[in-house]
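What follows is the residue order along each chain.
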Amino acid sequence: MRILLIGPPGAGKGTQAARLAVHLSIPHISTGDLFREHTGQGTELGRHAHTHIRTGLLVPDWVTVGVLEERLARPDTERGFLLDGFPRNLAQAQALDGMTAGPEPRLDAVLVLEIPEAEVVSRIAGRRLCGRDREHVFHVDHSPPAVAGTCDVCGGELYRRDDDREATVRRRLEVYRSETAPVVGHYQAQGLVTTISALGRVQEVLDRALVAIGRGQVDDSCASSC
Ligand code: AP5
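Because the structure is a prediction, the values reported are computed rather than measured.

Moving on: the packing of helix 4 (residues 61-72) against helix 5 (residues 90-99). Running from N to C, helix 4 and helix 5 cross one another at 30 degrees; their axes reach a closest spacing of 11 Å. What the angle tells us is that helix 4 and helix 5 run roughly parallel. Handedness of the helix 4/helix 5 crossing: right-handed. For the pair helix 4 and helix 5, the contacting residues are D61, T64, V65, L68, E69 and L72 in the first and A91, Q92, A95, L96 and M99 in the second. Tallied by class, the residues present in the contact of helix 4 with helix 5 amount to seven nonpolar, two polar and two charged.

Side chains that differ in charge, positive against negative, can pair when their charged atoms come close. Tallying each qualifying case throughout the model produces eleven salt bridges. In this structure, R74 and E70 form a salt bridge, with 3.5 Å as the shortest nitrogen-oxygen distance. On the accessibility criterion, R74 (37% relative accessible area) is partly exposed. For E70, a relative accessible area of 46% corresponds to the partly exposed category. Of the charged contacts in the structure, one is a salt bridge between R201 and E204, with a shortest N-O distance of 3.1 Å. With a relative accessible area of 56%, R201 lands in the exposed category.

Right, let's talk about helix 2 (residues 31-41) for a bit. Here helix 2 has its buried residues at T31, G32, L34, F35 and R36. The inward-facing, buried residues of helix 2 abut strand 2 (28-30), helix 3 (44-53), helix 4, strand 3 (81-84) and strand 7 (158-159). Between the side-chain oxygen of the N-cap and the backbone nitrogen of G32 there are 3.3 Å, and the N-cap of helix 2 in question is S30. Just beyond helix 2, the residue with positive phi is G42, at close to 70 degrees.

Turning next to the nonpolar core. Side chains of nonpolar character tend, in soluble globular proteins, to be buried together. Membership of the largest hydrophobic core comes to 26 residues, with the highest contact counts inside it found for I6, L83, L96, V110 and Y187. Broken down by secondary-structure element, the contributors of at least two residues to this core are strand 1 (2-6), helix 2, helix 3, helix 4, strand 3, helix 5, strand 4 (109-114) and helix 7 (166-188). Broken down by element, this core gets its largest block of residues, five residues, from helix 4. Once residues lying within four places of it in the same chain are set aside, the contact partners of I6 are K13, V110, L111, V112, L113, Y176, T180, V183, V184 and Y187. With 24 residues, the next largest nonpolar core counts I26, L82, A109 and L111 among its residues.

The next point concerns the packing of helix 2 against helix 4. Put simply, helix 2 and helix 4 touch, their axes get as near as 11 Å, and they point 95 degrees apart. Comparing the axis directions of helix 2 and helix 4 gives the class roughly perpendicular. Taken together, the residues of helix 4 that come into contact with helix 2 (itself represented by T31, L34 and F35) are V63, T64, V67, L68 and R71. Residue composition of the contact of helix 2 with helix 4, by class: five nonpolar, two polar and one charged.

Neighbouring the ligand are 34 residues; T15, L57, R88, R127 and R172 lie closest to it. Between an oxygen atom of the ligand and a main-chain N or O atom of L57, the distance comes to 2.6 Å. Side-chain polar atom of Q92 to a nitrogen atom of the ligand: 2.9 Å apart, as the coordinates give it. Elements supplying a minimum of two residues to the shell around the ligand: helix 1 (13-24), helix 2 and strand 6 (137-139). Looking at which element gives the most residues to the shell around the ligand, the answer is helix 2, with four residues. The residue inventory of the shell around the ligand, partitioned by class, reads twelve nonpolar, 13 polar and nine charged.

Burial analysis of strand 4 places five of its six residues in the buried class, the great majority of the element. Relative to strand 4, strand 1 runs parallel, the two sharing four bridges. Each bridged residue has a counterpart across the sheet, and for L4 the counterpart in strand 4 is V110. Two strands pair when backbone bridges link them, and strand 4 and strand 8 (residues 193-197) are joined in this way by five bridges, in the parallel orientation. Bridge assignment links V112 to a residue of strand 8, and that residue is T195.

Reading guide: rules and limits
Residues numbered from 1 in each chain as written. Predicted model: local features only at pLDDT ≥ 70, side-chain atom pairs only at ≥ 80, totals over all residues. Heavy atoms only, no water. Axes fitted to C-alpha atoms, helices over the stretch in contact; angles between N-to-C directions. Helix = DSSP H or I, 4+ residues; strand = E, 2+ residues; numbered from the N terminus. Parallel < 35°, antiparallel > 145°, perpendicular 65-115°, else oblique. Left-handed = near helix turned anticlockwise from the far one by under 90°. Contact = heavy atoms within 4.5 Å. Nonpolar A, V, L, I, M, F, W, Y, C, P; charged D, E, K, R; others polar. Salt bridge = Lys/Arg side-chain N within 4 Å of Asp/Glu carboxyl O. Buried < 20%, exposed > 50% of the residue type's maximum accessible area, 1.4 Å probe, protein only. Polar contact = N/O pair within 3.5 Å; in protein donor to acceptor, adjacent residues only side chain to side chain. Core = buried A, V, L, I, M, F, W, Y, C linked by side-chain atoms within 4.5 Å. Near = heavy atom within 4 Å. Pairing = 2+ DSSP bridges.

Structure representation (structure tokens):
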């Protein structure tokens, strides 16, 4: 399957994408994670990307599209992929149309996570990431590690992203509204979009996402509360 996950910063895209990718046995590809990997390795691309990321602006398309093209060319994407954080503007959506052109359907589903901005700010304020594997994500209140400041999975030290300061988060939200929200219309016109609420427990959101892509069952017992 080829799936896109779209939503504002802090909506829980990374949290859900990691779980969906395991369910569907397809790679989770996050352009934000790819940039952070480059930055951690001290590459020139990473340094360049970081100058944009720390101010809350988009990394220029010529960099981002190149990084994604290179990632999609790897053999593990043959069975599909789950894109988290790409495309973020209409030019990137058009570039993705080009990269996925062929006999197969370009995409199977576009999931949009909907969440009030106040909740986003609170989720991002409490987010902590593992500095060793850069993959595991915690929240000081909603999913705290067993030992404060330490990754449950690999023992790495947890850190706070430097684009998670409140002023930068506000800028990222503005960029989402002005540049990324129009991408939803691009896929609505292709009949691919399902919007789900990102509120509730992580498992509840995952259940909604699985139903939306035809891989889960509606749980009537919580229809009014989940
Ligand atoms: P990126 O890394 O993609 O950041 P983002 O889109 O702003 O999203 P976040 O990673 O902040 O949040 P998320 O939705 O993944 O939430 P998470 O699951 O972590 O991009 C960073 C930057 O890179 C961009 O600003 C840009 O500069 C650049 N960039 C990336 N892609 C680009 C592109 N295509 N073009 C140009 N530039 C690009 O969850 C957040 C917190 O909430 C966590 O602590 C989590 O534990 C908690 N949480 C999750 N779900 C729940 C729940 N259900 N209940 C309670 N807490 C929850």
